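Inside the fold
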Amino acid sequence: MYPHWYHYRTNCFCTGTTGAGKTAWLEDCQRDRIMAGQGFCSLIFDQDHWDRLIEYLAYLNPRQPVIRLNLSECDYVVPCNWFSYPATEIGAHADRLATAIAGQGQMLKNLGEMQNYASTMSALIRWCAETHQPIQKTEWIGCGNQAEILAASRMVTHPRTTAELNLLASITRYSDWSFRVGSTWNRLRTLSDSLALRRFTGAEGTLNLQDAVNNQAIILVNLTPHAGFTFDAAAMFASLILSQFTLVHGKYYIDLDEAPFYITFDVVRMLDLMCKKGLRVTLLAHDPRQFEDERIRVSLDINARIRVVFGGMRHEEREKLVPDLFPGQLNDRQEKERFFNSEGDTTGVSEWSHEEKKSQLAEQLVLEKQDYLVQLPDGVLTRRVPDLERFL
């Protein structure tokens with residue numbers, strides 16, 4: 001989303017095939033924001049995009065803070081231990097993060113149907129918040145560790161935490177432990193096995209996102225997967241930082257490249273509610289059908305009223321966009337057909353029917369590389385992504 005689109009008070013959804021120019025368009029938007037002194041957070045899944053932005057920032061040396069979260073390479077660790085340093089009341093903090101972890105990777109779980117996971121994971125997060133220990137230090141909940149669990153329960157005072165840990169300490173059979181703790185254990189394994197997650201979420205201290213928004217900081221998050229950093233680890237960290245952004249307010253942009261890989265239900269809340277607080281979300285995807293949950297697609301239809309379309313879509317998909325991008329031409333065709341059909345006279349209807357007109361308009365969405373259509377609340381424009389110069 002460009003900074004001069006902020007006043008539309010809506011979010012942005014960008015689609016197009018690989019190589020059509022989506023990432024270059026996003027980088028052009030981000031460069032305009034940097035020049036305007038406006039902060040943003042960008043979740044990046046393209047190493048070249050990361051390198052170009054870092055070079056541009058090094059060349060420009062902007063006044064606002066620049067925070068690099070390079071999980072893909074782990075070359076500089078910024079503490080992001082949101083488990084151990086709650087920004088809200090401890091119970092709400094634990095429930096929110098437990099939901100974010102359960103829903104990482106577009107799983108969108110309902111904790112009402114995961115009562116064992118919800119109670120166990122929430123207890124562990126409350127334990128971390130009280131003791132300021134990283135989440136990776138909770139592996140004492142393994143099967144047969146009764147003494148370690150009881151010792152951990154004596155370190156905290158929250159009654160729900162103590163009761164839950166005492167219940168876990170009473171479990172002696174593996175089948176009972178697996179039923180009660182198994183789903184929590186599997187998610188802890190992702191947080192513990194990934195070197196990047198251990199370094200960033202296990203460090204002492206945490207990144208305060210509200211301060212970053214207040215200072216218009218530029219937060220770059222490199223989540224490019226490779227052999228040492230998996231898609232599951234990237235999705236886990238993305239779900240955590242998106243959950244934290246639901247607590248902030250102020251003028252700010254959040255850019256979600258390759259959103260279907262890691263989107264959570266917190267993004268639905270952002271699309272539906274956070275515009276009132278000043279946040280603007282830009283999502284990039286290849287096709288709306290990549291979002292499995294109907295709630296995400298509904299929120300995109302209603303609350304992402306800026307639609308950017310690049311080339312590469314099939315004819316059937318282009319036809320679906322015609323009513324939104326060319327409403328006036330289709331409405332004229334419908335009214336003309338309705339009038340002459342009601343009069344019993346078809347001489348005024350040209351050789352194209354309504355469906356044929358839609359098919360014809362869909363051909364206008366066959367775009368060259370770097371060309372795109374943008375649907376704004378006040379009209380549809382055709383634009384081209386400029387060539388981006390590298391500075392270093």
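A brief look at the structure comes next. Treat the numbers as computed from the prediction; the structure is a model and nothing was measured.

As for the packing of aromatic side chains
Summed over all chains, the structure comprises 16 aromatic pairs. Judged by centre distance (6.3 Å) and plane angle (85°), the ring pair of Tyr2 and Trp25 falls under edge-to-face. Residue Tyr2 is found in the segment before β1 (12–15), and its partner Trp25 is found in helix α1 (residues 22–36); the two are separated by 23 residues along the sequence. For the pair shown, Tyr2 and Trp25 are each scored as buried. For the ring pair Phe245 and Tyr252, a centre distance of 6.0 Å and an interplane angle of 25° mean the geometry is stacked. Across this residue pair, the class does not change: Phe245 and Tyr252 are buried. These aromatic residues form a ring-pair network of at least three members: Tyr2, Trp5, Trp25, Phe310 and Tyr372.

Some remarks on the nonpolar core
Counting residues in hydrophobic clusters, the biggest one holds 80 residues, and the most contacted among them are Leu69, Phe237, Phe245 and Leu283. Examining the composition of this core, we find that 10 residues originate from one element, helix α10 (residues 231–245), more than from any other. Not counting the four nearest positions on each side in its chain, Leu283 is found in contact with Cys12, Phe13, Cys14, Leu256, Ala259, Ile263, Val267, Leu271, Phe291 and Leu300. Grouped together as the second largest cluster of nonpolar side chains are 30 residues, Leu26, Ile44, Val374 and Val385 included.

Examining the pattern of salt bridges
Tallying each qualifying case throughout the model produces 10 salt bridges. Between Arg173 and Asp176 there is a salt bridge, with its nearest N and O atoms 3.1 Å apart. Exposure remark for Arg173: the relative accessible area of 52% places this residue in the exposed category. A residue is classified by how much of its surface remains accessible, and Asp176, at 32% relative accessible area, is partly exposed. Residues participating in the shared-partner salt-bridge network are Glu27, Arg31 and Arg52.

What counts and how
- Residues numbered from 1 in each chain as written.
- Predicted model: local features only at pLDDT ≥ 70, side-chain atom pairs only at ≥ 80, totals over all residues.
- Heavy atoms only, no water.
- Phe/Tyr/Trp six-rings, centres within 6.5 Å; stacked < 30°, edge-to-face > 60°.
- Helix = DSSP H or I, 4+ residues; strand = E, 2+ residues; numbered from the N terminus.
- Buried < 20%, exposed > 50% of the residue type's maximum accessible area, 1.4 Å probe, protein only.
- Core = buried A, V, L, I, M, F, W, Y, C linked by side-chain atoms within 4.5 Å.
- Contact = heavy atoms within 4.5 Å.
- Salt bridge = Lys/Arg side-chain N within 4 Å of Asp/Glu carboxyl O.

Interpretation note: all reported values are geometric properties and have no functional meaning in isolation.
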